[in-house]
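One letter stands for each residue in the lines below.
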Amino acid sequence: MHGRPRPPTGKPEDPEKKKASQKRLALFSRLCNVVLERRAAKRYDAESITLAAKLLEQNPEVYTVWNYRREALAGTFKGDQGPEEATKAIQFELKLTETALRKNPKSYATWHHRKWLVDQGLVPLDKELQLLTKLQELDPRNFHAWRYRRIVTAKAGIPPEQEEHYTMSLINANFSDYSAWHARTVLLPQIHAADSGPLKDQGSAQQEVMPSSVIERELDLVEQATFTDPSDQSAWIYHRWLLSQALQRYQEAEPQTQSTAYQELCDLLKREIGRCEGLLEAEADRRNCKWPILTMARLLELRDSLHAQQGAGDSKLDGPGERKERLKELYKELIEIDPLRKGYYQDALAGNARVLVQPGR
Amino acid sequence: MTRVPESRRELLIDKHADYIYNYGQTKDSFEFYATEHFRMSGVYWGLTAMHLLGKQHMMDTAAITDWVLSCQHANGGFGGSERHDPHLLYTLSAVQILALCGALNRINKEQVTQYVRSLQQPDGSFAGDDWGEIDTRFSYCALSCCKLLGQAQAIDVKAAASYVASCQNIDGGFGCTPGNESHAGQVFTCVAALAIADSLHLLDKDLTSWWLCERQTESGGLNGRPEKLQDVCYSWWCLSALSILGRLSWIDQEALACFILNCQDENRGGISDRPEDMVDVFHTFFGIAGLSLMGRCNLEAIDPVYALPETTTRQLLGK
Ligand SMILES: [Zn+2]
């Protein structure tokens, strides 16, 4: 149960309300009893199935009753009663699931029933996308809707580029839409992988690395978002991913392109450090600066370990002692402005928490 | 961090025990019917909470055992209650309850594992039931169930682990299937599943733990995803995963304990999702379990992987 306020104590219950809730209980318990009895008796007649629908409209998570409907409808969908009956039945199920989802947009059982309908091959997929877009406008973070969207777009053969545009429009409307940023981490590697084909339902964490032009374009997008609100974590978590992609590019470079890749990464780090510095200068209130400070610390650590690995310290930069001091300062400040995560910052400073993949690991 | 009122500074053990006891007794409420399809999990939450509170003697374990057995189907799986279809979610809850009641000898273990095995897919994932919904939650149910029954060899543990690992996202969290957004509930099921499968090396521990510790909000409570509200149930989902990964120190435990205590209903007993909301058994269990994981309030210790009292898992698994 979520977000329902506690009733006040000490007040006797309003007799009118009590009567109403007793009536509601009597009706509901009778409906439950009738539907579950008929389900046990495997009664698939029209009246029974209508009662089942009534129950699901009120309580969409009762998985057994969705099972009941699927058993009852399997024959109709196979065409046992002709194509018209099948279409009619599909229309009814689509409406019923839509009603149920409006009642409970997080009902696992209802989303699964909807997927089952799509699997029967009788559902127009463009309509599904329209419904999804409507539901996702009501709650852009609903992960059930996102999951279903991935299933439908894959089935409909929608190119990943089109979905990428959709995520871009969501981010432009709201930089804090973490679900949309997440969707990009799945879509972009699909688009830019060597053999980009039609959209896959099963994106994976084991990713191919993207070309540097894409990484840089995305870093620019992050800059826009973080400049608007430097304390918004969505874009910063995405930023960490982009850095790990850039690092992976360098690590996977062929021996003959090693030095170019090294230079590329150094330039990128330099630019991102500069951007963090810019944000820190622009923001007067240090309490809003957790993310640029943390990112700065990670960038510096990465640059230092990269230099150490190359065995060529840049003489223009600070010595190791000064660098260590600078990191210490950054983490000290993080502990001050974000004391909840003190334990993590302490481990990170001691080198015991490696969140940005380290070279040579 | 908000100040906790005097009346909520301690864990109100007796009030919570009475609340849970009464939850099992009231059969003429709307809630009783509305939650019938997942009562098996409700009983598991209540009974485990009672064990953690040291009040298990208030529960009629013989009657509970008989009721659980009455929910088993011919295929070996258990339903959410007598009138509901078998499902992996409730099969795990049933096995957990029977483990708590010391009654695992009352079921045919091979028959139950046969049911679990029948739901494993060629890619290692598990369907929740014969209707084919795939979700990493079900991978956890399958692994935990078989392990508690001493039948891990009955399923392809390696394939199960590699499927779970394929659901890790770039932020370190896990989704319900590959490519889906990370969610703290899912992170618990995936981390615990990998722990049972002895495959924690498949995940990036620091990255996962960092994403988890970022779930703590100014209130001291934890949320389930970025930019979402804190909620007591994540005291279990996030905390158990951090505990399995050995990184409990990455959050402010004192602040979290205060948040949980402040969600108590000092009049009726029970714990809610957020302060001043209506309590339920689910949040009461997860609040108590979170406090137990942090070693607070003199509670029985809970096992972060199996979500059962340590005394129970030690007996069963000898760990
Ligand atoms: Zn909750």
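Rules of the game
Residues numbered from 1 in each chain as written. Chains lettered and ligands numbered in written order. Predicted model: local features only at pLDDT ≥ 70, side-chain atom pairs only at ≥ 80, totals over all residues. Heavy atoms only, no water. Helix = DSSP H or I, 4+ residues; strand = E, 2+ residues; numbered from the N terminus. Rg over C-alpha atoms; globule rule 2.2 N^0.38 Å. Buried < 20%, exposed > 50% of the residue type's maximum accessible area, 1.4 Å probe, protein only. Contact = heavy atoms within 4.5 Å. Areas by Shrake-Rupley, 256 points an atom, 1.4 Å probe, with all protein chains shown as cover. Donors = N, O, S within 2.8 Å, 3.2 Å for Na, K, Ca; no water. Core = buried A, V, L, I, M, F, W, Y, C linked by side-chain atoms within 4.5 Å. pLDDT = per-residue confidence, 0-100. Phe/Tyr/Trp six-rings, centres within 6.5 Å; stacked < 30°, edge-to-face > 60°. Lys NZ or Arg CZ within 6 Å of the ring centre and 35° of its normal. Polar contact = N/O pair within 3.5 Å; in protein donor to acceptor, adjacent residues only side chain to side chain. Buried area = accessible area lost by both parts, 1.4 Å probe. Salt bridge = Lys/Arg side-chain N within 4 Å of Asp/Glu carboxyl O. UniProt positions renumbered as here; feature names shortened; annotations may be inferred. Axes fitted to C-alpha atoms, helices over the stretch in contact; angles between N-to-C directions. Parallel < 35°, antiparallel > 145°, perpendicular 65-115°, else oblique. Left-handed = near helix turned anticlockwise from the far one by under 90°. Nonpolar A, V, L, I, M, F, W, Y, C, P; charged D, E, K, R; others polar. Expected span 1.5 Å × (residues − 1).

**Q** Explain the overall build of chain A here, please?
**A** What chain A contains, in helices and strands, is 15 helices and zero strands. For 361 residues, the compact-globule formula gives about 21 Å, and the C-alpha radius of gyration of chain A, at 28 Å, lies well above that figure. When the backbone C-alpha atoms are referred to their principal axes, chain A occupies close to 85 × 60 × 30 Å. Here chain A holds 361 residues, and the buried ones make up 48% of them. Restricting the contact set of chain A to residue pairs at least 6 apart, pairs at least 24 apart contribute 64%. Of the roughly 17800 Å² of accessible surface on chain A, 51% is carried by carbon and sulfur atoms.

**Q** What am I meant to see in the overall build of chain B here?
**A** Assigned secondary structure in chain B consists of 14 helices and four strands. A globule of 319 residues ought to have a C-alpha radius of gyration of about 20 Å, and chain B, at 19 Å, matches this closely. Counting only C-alpha atoms and orienting by the principal axes, one finds that chain B spans roughly 55 × 45 × 35 Å. Across the 319 residues of chain B, 69% fall into the buried class. Within chain B, residue pairs in contact and separated by at least 24 positions form 66% of the contacts whose partners lie at least 6 positions apart. Accessible surface, chain B as shown: approximately 10600 Å² in total, 49% of it carbon and sulfur.

**Q** How do you make sense of the coordination of the zinc ion when you look at a structure like this?
**A** Reference geometry at the metal: tetrahedral coordination by four donors gives ideal angles of 109.5 degrees; octahedral coordination by six donors gives 90 or 180 degrees. For the zinc ion, the protein coordination sphere consists of A:His2 (NE2), B:Asp231 (OD), B:Asp231 (OD), B:Cys233 (SG) and B:His283 (NE2), at 2.1 to 2.4 Å. Taken together, the residues span two chains, with A:His2 in the segment before helix H1 (15–40) and B:Asp231 in the loop between helix H10 (205–213) and helix H11 (233–244).

**Q** Would you take a moment to explain the nonpolar core for this structure?
**A** One broad rule of soluble globular proteins: the nonpolar side chains tend to lie buried together. A:Tyr344 and B:Trp210 are the most contacted members of the largest nonpolar core, which totals 194 residues. Not counting residues up to four positions away in its chain, the partners in contact with A:Tyr344 are A:Leu294, A:Arg298, A:Ala353, A:Val355, B:Trp210, B:Cys213, B:Ser249 and B:Trp250. With 19 residues, the next largest nonpolar core counts A:Ala89, A:Trp116, A:Leu117 and A:Val152 among its residues.

**Q** Just checking my understanding: could you explain unusual backbone geometry for this structure?
**A** Residue and element names in this part refer to chain B. Even without being a glycine, Glu227 presents a positive backbone phi close to 65°. One non-glycine residue, Asn298, lies in positive phi territory at about 55°. Structurally, Asn298 can be placed in the loop between helix H13 (281–293) and strand S3 (302–303).

**Q** Can you walk me through the confidence of the model for chain B in this structure?
**A** Should pLDDT be low for a region, the predicted coordinates there are not to be read in detail. Averaged over every residue, the pLDDT of chain B is 96; residues scoring 70 or more account for 99%. Across the predicted assembly, pTM comes out at 0.95 and ipTM at 0.96.

**Q** Quick question: what am I supposed to make of the packing of aromatic side chains here?
**A** Aromatic ring pairs are reported here in terms of the distance separating the ring centres and the angle at which the planes meet. One pass over the structure, following the stated rule, counts 26 aromatic pairs over all chains. Where A:Tyr238 meets A:Trp241, the ring centres are 5.4 Å apart and the plane angle is 50°; that geometry is what we call tilted. Residue A:Tyr238 and its partner A:Trp241 are both found in helix H11 (residues 233–251); the two are separated by three residues, about one turn of the helix. Classification of A:Trp241 as buried rests on a relative accessible area of 2%. When the ring of B:Phe38 is compared with that of B:Trp45, the centres are 6.1 Å apart and the planes differ by 55°; the resulting orientation is tilted. Taking the relative accessible area as the measure of exposure, B:Phe38 reaches 26% and is therefore partly exposed. Chaining the aromatic ring pairs together yields one cluster made of B:Phe38, B:Tyr44, B:Trp45, B:Tyr140, B:Phe188, B:Trp236, B:Trp237, B:Phe282, B:Phe285 and B:Phe286. The side chain of A:Arg149 reaches across the aromatic face of A:Tyr166, ending 3.7 Å from its centre.

**Q** Would you mind showing me how to read the side chain of B:Ser182 here?
**A** Residues and elements named next belong to chain B. Structurally, the position occupied by Ser182 is in the loop between helix H8 (157–165) and helix H9 (184–196). A distance of 2.7 Å separates a polar atom in the side chain of Ser182 from a polar atom in the side chain of Asp171. Of the polar contacts made by the side chain of Ser182, one reaches the backbone nitrogen of Phe174; its length is 3.5 Å. Residues contacting Ser182, with those up to four places away along its chain left out, are Asn169, Asp171, Gly173, Phe174, Gly175, Trp211 and Arg225.

**Q** Just checking my understanding: could you explain H10(B) for this structure?
**A** Among the nine residues of H10(B), eight are classified as buried, and the element is accordingly described as predominantly covered. Contacts made by the buried residues of H10(B) are with helix H9 (178–192), H11, helix H13 (290–310) and helix H15 (342–349) of chain A together with H9 and H11 of chain B.

**Q** What exactly am I supposed to notice about the interface of chain B and chain A here?
**A** When the parts come together, some accessible area is lost, and that loss is often what is quoted as the size of the interface. Taken residue by residue, the interface counts 73 residues in chain B and 67 residues in chain A. The largest contributions to the chain B side of the interface with chain A come from B:Trp131, B:Ile170 and B:Trp210, which together make up 14% of the buried area. Linking chain B to chain A there are six salt bridges. In this structure, A:Lys290 and B:Glu214 form a salt bridge, with 2.7 Å as the shortest nitrogen-oxygen distance. Contributions of two or more residues to the side of chain B that touches chain A are made by helix H2 (30–34), H10 and strand S2 (279–280) of chain B. Here the element with the most residues in the side of chain B that touches chain A is H10(B); it accounts for five residues.

**Q** What am I meant to see in the UniProt feature "domain: Prenyltransferase alpha-alpha toroid" (unreviewed entry) in chain B here?
**A** As annotated in UniProt, the feature "domain: Prenyltransferase alpha-alpha toroid" (unreviewed entry) corresponds to residues 11–307 of chain B in the numbering used here. Regarding residues 11–307 of chain B, the helix share stands at 49% and the strand share at 2%, and the terminal C-alpha atoms are separated by 20 Å.

**Q** Please clarify how the environment of A:Ala225 should be interpreted in this entry.
**A** All names here are of chain A. Among the secondary structure elements, Ala225 is positioned in helix H10 (residues 212–228). Measuring from C-alpha to C-alpha, the distance between Ala225 and Arg249 comes to 24 Å, with 24 residues separating the pair along the chain. Apart from the residues within four sequence positions on either side, Ala225 is in contact with Phe175, Trp181 and Ala235.

**Q** Is there a simple way to explain the packing of helix H5 (residues 108–119) of chain A against helix H6 (residues 125–138) of chain A in this structure?
**A** When two helices pack together, their arrangement is given by the angle between the helix axes and the distance between those axes. All names here are of chain A. Close contact between H5 and H6 brings their axes to 12 Å; oriented N to C, the two are set at 160°. Of the possible angle classes, the one that applies to H5 and H6 is roughly antiparallel. Between H5 and H6 lies a crossing of left-handed hand. From H5, Trp111, Arg114 and Val118 reach across to H6, where they touch Leu125, Glu128, Leu131, Leu132 and Leu135. Broken down by class, the residue content of the contact of H5 with H6 amounts to six nonpolar, no polar and two charged.

**Q** Help me understand the environment of B:Cys190, please; the structure alone is not making it clear to me.
**A** Residue and element names in this part refer to chain B. Structurally, the position occupied by Cys190 is in helix H9. As for Cys190 and Ala165, which are separated by 25 residues in sequence, their C-alpha atoms are 7.8 Å apart. Setting aside its immediate chain neighbours within four residues, Cys190 contacts Thr136, Val164, Phe174 and Gly175.

**Q** Could you clarify how one ought to interpret the pattern of salt bridges in this entry?
**A** Between side chains of opposite charge, a pair can form when the charged atoms approach closely. Within this structure, the stated rule accounts for 43 salt bridges over all chains. For B:Glu6, the salt bridge goes to B:Arg9, with nearest N and O atoms at 3.7 Å. Look at B:Arg9 and you get partly exposed, because its relative accessible area is 37%. What you see here is one network of salt bridges that share partners, running through A:Arg6, B:Arg8, B:Asp265, B:Glu266, B:Arg268 and B:Glu276.

**Q** Just to check I follow, could you spell out H13(A) for this structure?
**A** Given 3.6 residues per helical turn, the α-helix brings residues three or four places apart onto the same face. All names here are of chain A. The end-to-end C-alpha separation of H13 is 30 Å, in line with the 30 Å expected for 21 residues at 1.5 Å each. Among the 21 residues in H13, 16 count as buried, and that is most of the element. Directly after H13, the chain includes Gly311, whose backbone phi takes a positive value near 65°.

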